[in-house]
Amino acid sequence: MSPLRAGLIWAALALVIAVPVALATTSPFIAWRPAIYTAAGFAGIAALALLLVQPLLAAGLLPGLPARPGRRVHRALGLLLVVLVLAHVGGLFLTSAPDVIDALLFASPTPFSPWGVVAMWAIFATALLAALRERLRLGPLFWRLGHTALALVIVVGSVVHALLIEGTMEPWSKAAFCLLAVLATLKAVLDLRAWALLRRRAVRERA
Amino acid sequence: MTPIPSSRRAILKAGLTGAAFVAATPALILPARAQGLAPTPSMRGGSNNYMPGAPVVSRIGGGGFWMTGTVRRAGDGAPLSGIRIQIWAHTTEGREDDKHSHGATLTAADGSFRLEMPQIIPIFGQPHGHLAYEGAGFKTVFLRPIMASARDKSLSAHFVLEPA
């Protein structure tokens with residue numbers, strides 16, 4: 001790939017992330033909000049931003065970061081995603097504990113809450129699976145299918161969560177970003193073909 | 001080598017369970033009417049920033065937005081008059097924890113109440129109001145109704161109180 005093309009792809013990615021984040025910083029709501037709540041909101045926005053980068057890294061689609069080094073960055077950003085989600089939920093808890101308890105118990109009156117909570121648990125489950133994969137000697141089939149399924153739950157849950165929220169993100173840039181994250185996830189899932197191992201095993205068993 | 005049993009069924013099952021989990025949304029709280037009128041359950045998130053003893057006011061701040069509702073007795077559904085309802089929200093004029101964002105009103109003879117207040121703006125993901133009943137005679141109830149749109153100019157909430 002030519003350096004120009006590589007540069008353009010990275011610039012496009014940076015722009016796609018920067019526009020919705022920059023628009024969110026101009027939200028008139030921020031002036032009315034306590035700092036910790038605003039910070040919790042932006043931790044959520046940053047976590048959402050990672051959901052576009054993660055599938056691109058996993059599938060080795062970013063220039064200069066083919067599959068193997070890409071996976072290392074993917075793993076580090078996965079850990080960052082856990083930290084951001086903890087900051088998001090923790091900051092919201094400090095702002096309004098009863099609302100967060102309701103959300104965690106699936107008893108919240110707001111429809112966006114359960115989607116976020118399910119995505120949160122799927123993120124934690126993925127991190128746990130990744131951390132214990134070697135210790136538990138999880139086979140590649142279990143790991144890849146498990147991670148793919150959890151990734152789909154994470155992206156769908158987070159995107160619906162984000163779209164249902166009336167918050168600091170500007171609605172159109174939020175919707176466009178969510179669409180890109182979903183497309184990147186589908187592209188990565190289809191490219192990586194986690195189910196190929198399943199078919200290989202079936203062929204082997206038949207033989 | 002013994003073949004490992006295919007885990008496809010297990011994976012499918014896990015996927016379906018996950019999908020059902022994702023699709024589960026909190027059930028709407030509707031008063032059951034089988035054995036008379038059931039009391040309105042108090043909402044945990046409703047109590048946030050409650051200020052006991054907020055004064056009865058003719059209007060909160062500059063107004064422009066209406067909070068309305070009714071108060072009835074559990075069982076026979078009789079309207080309750082003179083019941084004090086505290087109302088507060090995150091508005092264009094202040095936060096939920098600002099004293100001037102709070103005000104109380106009393107229900108009319110038909111159990112209805114309405115209080116003008118500043119425009120509610122989104123906070124915590126969706127614009128919402130807070131209402132509270134606390135007093136002698138009935139069990140405390142906190143409500144946290146949500147607005148379908150931030151452009152709405154009114155919001156309502158209904159209490160069915162259980163004698164204490």
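Refer to the structure presented above.
Residues numbered from 1 in each chain as written. Chains lettered and ligands numbered in written order. Predicted model: local features only at pLDDT ≥ 70, side-chain atom pairs only at ≥ 80, totals over all residues.

Looking only at helices and strands, chain A has 8 helices and 0 strands in total. Whereas a compact globule of 207 residues would reach a radius of gyration of roughly 17 Å, chain A reaches 18 Å, a difference of no more than 12%. By principal-axis analysis of the C-alpha atoms, chain A measures approximately 65 × 45 × 25 Å. For chain A, with 207 residues in total, the buried portion stands at 35%. Put simply, 76% of the contacts in chain A that link residues at least 6 apart link residues at least 24 apart. (Helix = DSSP H or I, 4+ residues; strand = E, 2+ residues; numbered from the N terminus. Rg over C-alpha atoms; globule rule 2.2 N^0.38 Å. Buried ≥ 20, exposed ≤ 12 C-beta atoms within 10 Å, placed from the backbone. Contact = placed C-beta atoms within 7 Å.)

Counting its secondary structure elements, chain B contains 1 helix and 7 strands. The linear arrangement of helices and strands in chain B, starting from the amino end, is α-β-β-β-β-β-β-β. Buried positions account for 35% of the 164 residues belonging to chain B. Here the contacts in chain B between residues at least 6 apart in sequence split such that 71% fall between residues at least 24 apart.

With that settled, the discussion passes to the nonpolar core. One finds Ala47, Leu51, Ala119, Ala122, Ile123, Ile154 and Ala181 of chain A to be the most contacted residues of the largest nonpolar core, which totals 42 residues. For this core, the secondary structure elements donating two or more residues are helix 2 (35–58), helix 3 (67–95), helix 4 (97–104), helix 5 (112–132), helix 6 (140–164) and helix 7 (171–192) of chain A. Among residues more than four places away in sequence, those in contact with Ala119 of chain A are Val153, Ile154, Gly157, Ser158 and His161 of chain A. The next biggest cluster of nonpolar side chains, apart from the first, holds 29 residues, and it includes Phe65, Ala74, Trp88 and Leu143 of chain B. (Core = buried A, V, L, I, M, F, W, Y, C linked by C-beta atoms within 7 Å.)

All right, on to the sheet that holds strand 5 (residues 129–135) of chain B then. In a beta sheet, neighbouring strands are held together by backbone hydrogen bonds and run either parallel or antiparallel to one another. Residue and element names in this part refer to chain B. One open sheet holds the 4 strands; their spatial order is 3-2-5-6, and the pairing between them is antiparallel. Strands at the two margins of the open sheet, each flanked by one partner only, are strand 3 (103–106) and strand 6 (138–143). Between one strand axis and the next, the sheet turns by 25° as a mean value, whatever way the strands run. (Pairing = 2+ DSSP bridges. Axes fitted to C-alpha atoms, helices over the stretch in contact; angles between N-to-C directions.)

With that settled, the discussion passes to helix 3 of chain A. For helix 3 of chain A, with 29 residues, the first-to-last C-alpha span of 40 Å sits near the 42 Å given by 1.5 Å per residue. Buried residues in helix 3 of chain A make contact with helix 2, helix 4 and helix 5 of chain A. (Expected span 1.5 Å × (residues − 1).)

Time to look at the sheet that holds strand 4 (residues 112–117) of chain B. All names here are of chain B. Pairing is mixed in the open sheet, where 3 strands are placed in the order 4-1-7. Since the sheet does not close on itself, it has two edges, and those belong to strand 4 and strand 7 (154–161), each with one partner. Looking at each pair of strands side by side, their axes are set apart by 20° on average, direction ignored. Sheet analysis places strand 1 (residues 65–73) next to strand 7, joined by 8 bridges and oriented parallel. From the neighbouring strand, Arg72 faces strand 7, where its bridge partner is Val160.

Turning to the interface of chain B and chain A, a few remarks are in order. Many analyses report the size of an interface as the accessible area lost when the parts associate. Taken together, the contact between chain B and chain A spans 26 residues of the former and 25 residues of the latter. Tallied by class, the residues present in the side of chain B that touches chain A amount to 13 nonpolar, 9 polar and 4 charged. (Nonpolar A, V, L, I, M, F, W, Y, C, P; charged D, E, K, R; others polar.)

A few words on unusual backbone geometry. A positive phi angle, near 50°, is found at Arg137 of chain A, a position not held by glycine. Topologically, Arg137 of chain A is positioned in the loop between helix 5 and helix 6. Its identity is not glycine, yet Phe124 of chain B carries a phi of approximately 55°, on the positive side. Position of Phe124 of chain B among the secondary structure elements: in the loop between strand 4 and strand 5.

Time to look at the packing of helix 2 of chain A against helix 7 of chain A. Residue and element names in this part refer to chain A. Interhelical geometry of helix 2 versus helix 7 gives an angle of 20° and a closest axis separation of 8 Å. One way to sum up the angle between helix 2 and helix 7 is to call them roughly parallel. Two packed elements cross with a definite hand, and for helix 2 against helix 7 that hand is left-handed. Every residue of helix 7 that contacts helix 2 at Leu51, Leu52, Pro55, Leu56 and Ala58 is listed here: Phe177, Leu180, Ala181, Ala184, Thr185, Lys187, Ala188 and Leu192. Considering only residue class, the contact of helix 2 with helix 7 consists of 11 nonpolar, 1 polar and 1 charged. (Parallel < 35°, antiparallel > 145°, perpendicular 65-115°, else oblique. Left-handed = near helix turned anticlockwise from the far one by under 90°.)

Let's shift gears to the pairing of strand 5 of chain B. All names here are of chain B. Judged by how many residues are buried, strand 5 sits mostly within the fold: 5 of 7 residues are covered. Pairing analysis gives 5 bridges linking strand 2 (residues 84–89) to strand 5, with the strands arranged antiparallel. Within the sheet, the bridge partner assigned to Ile85 lies in strand 5 and is Tyr133. Of the strand pairs in this sheet, strand 5 and strand 6 are connected by 4 bridges, and their pairing is antiparallel. Along strand 6, the bridge assignment pairs Gly135 with Phe138. Count of turn residues in the strand 5/strand 6 antiparallel hairpin: 2 residues, of which Gly137 carries a positive phi of about 105°.

Residues and elements named next belong to chain A. With 24 residues, helix 2 should reach 34 Å at 1.5 Å per residue; the first-to-last C-alpha distance of 34 Å fits that figure. Of all the bends in helix 2, the largest measures some 25° and sits at Leu52, one to four residues before the proline Pro55. For helix 2, the tally of buried residues reaches 18 of 24 residues, placing the bulk of the element in the interior. Once helix 2 ends, the next one or two residues include Gly60, with phi positive near 65°. (Bend = angle between axes of the 7 residues up to and from the residue.)

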